[in-house]
Amino acid sequence: MKEWNKEFSENCSVILIGMAGAGKSTLAPLLAEKLGWEHMDTDSVIEGYYGRRLQGIVDHLGVPEFRRAEEYIISGLGVFRTVISTGGSVVYGPKAMERLKLLGPVIYLRISSETCLSRVGSGDDRGLAISPGQSLECLYNERIPLYEKYADFAVDTDALSPEESVVKIYNWLKSKEVSDFKDT
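Residues numbered from 1 in each chain as written. Predicted model: local features only at pLDDT ≥ 70, side-chain atom pairs only at ≥ 80, totals over all residues. Heavy atoms only, no water.

This part takes up a nonpolar patch on the surface. A surface patch of nonpolar side chains, amounting to about 370 Å² of accessible area, comprises Tyr49, Tyr50 and Tyr72. Relative to the helices and strands, Tyr50 resides in helix 2 (residues 42-50). (Patch = residues over 30% accessible without salt bridge, like charges linked within 9 Å, V, L, I, M, F, W, Y side chains within 5 Å. Areas by Shrake-Rupley, 256 points an atom, 1.4 Å probe, with all protein chains shown as cover. Salt bridge = Lys/Arg side-chain N within 4 Å of Asp/Glu carboxyl O. Helix = DSSP H or I, 4+ residues; strand = E, 2+ residues; numbered from the N terminus.)

Pasting the structure below:
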């Protein structure tokens, strides 16, 4: 598989990262449709690997072991022409993020802490990899620098509709496109 070289083409994927509630699972199929590509939800891949719902996996393994398992599974992905929506905790796995960055541009779906709290609530039954006793706000603040570190582009999804967010991402991707992939 060819490494992504900062030029958007048919030979790469697009990776969506961000907090729970940022819109990754909503935007991935919309963006994939606009590109004529497939979409993949890494949480579903993990659920398939373990044969149970994400929250059950997190509860059974505990947060540190879940993060190791997530990193292991994601670091083995090999897809192209796919919009990949990731779990919010993927940024804790350097090997997983290294692999994703090889596959294509990483788009950070940014939301405010207020929007995150209102959309996610307590986070019960979301498969949220949050340590016992840790608040969602604390988790949010812990992850923001990691999302920013890995992002090639960011979109404020709490300020835009899903359709507007997709157009913004699509236009950015088109600006990074190699000439043989552009519409004729």
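Next, the rest of the story.
The subject of this paragraph is the packing of aromatic side chains. Applying the stated rule across the entire model yields four aromatic pairs. For the ring pair Tyr49 and Tyr50, a centre distance of 5.1 Å and an interplane angle of 70° mean the geometry is edge-to-face. For Lys34, the ring lying beneath its charged end belongs to Tyr170, and the centroid distance is 4.6 Å. (Phe/Tyr/Trp six-rings, centres within 6.5 Å; stacked < 30°, edge-to-face > 60°. Lys NZ or Arg CZ within 6 Å of the ring centre and 35° of its normal.)

In this section: the environment of Tyr92. Secondary-structure assignment places Tyr92 in the loop between strand 3 (82-85) and helix 5 (94-103). Given a relative accessible area of 22%, Tyr92 falls into the partly exposed group. The spatial distance from the C-alpha of Tyr92 to the C-alpha of Ser9 is 27 Å, given a sequence separation of 83 residues. Each residue touching Tyr92, except ones within four places of it in the same chain, is listed here: Arg67, Leu139, Glu142, Arg143 and Leu146. Engagement of the side chain of Tyr92 in a polar contact is seen with the side chain of Glu142, the distance being 2.4 Å. (Buried < 20%, exposed > 50% of the residue type's maximum accessible area, 1.4 Å probe, protein only. Contact = heavy atoms within 4.5 Å. Polar contact = N/O pair within 3.5 Å; in protein donor to acceptor, adjacent residues only side chain to side chain.)

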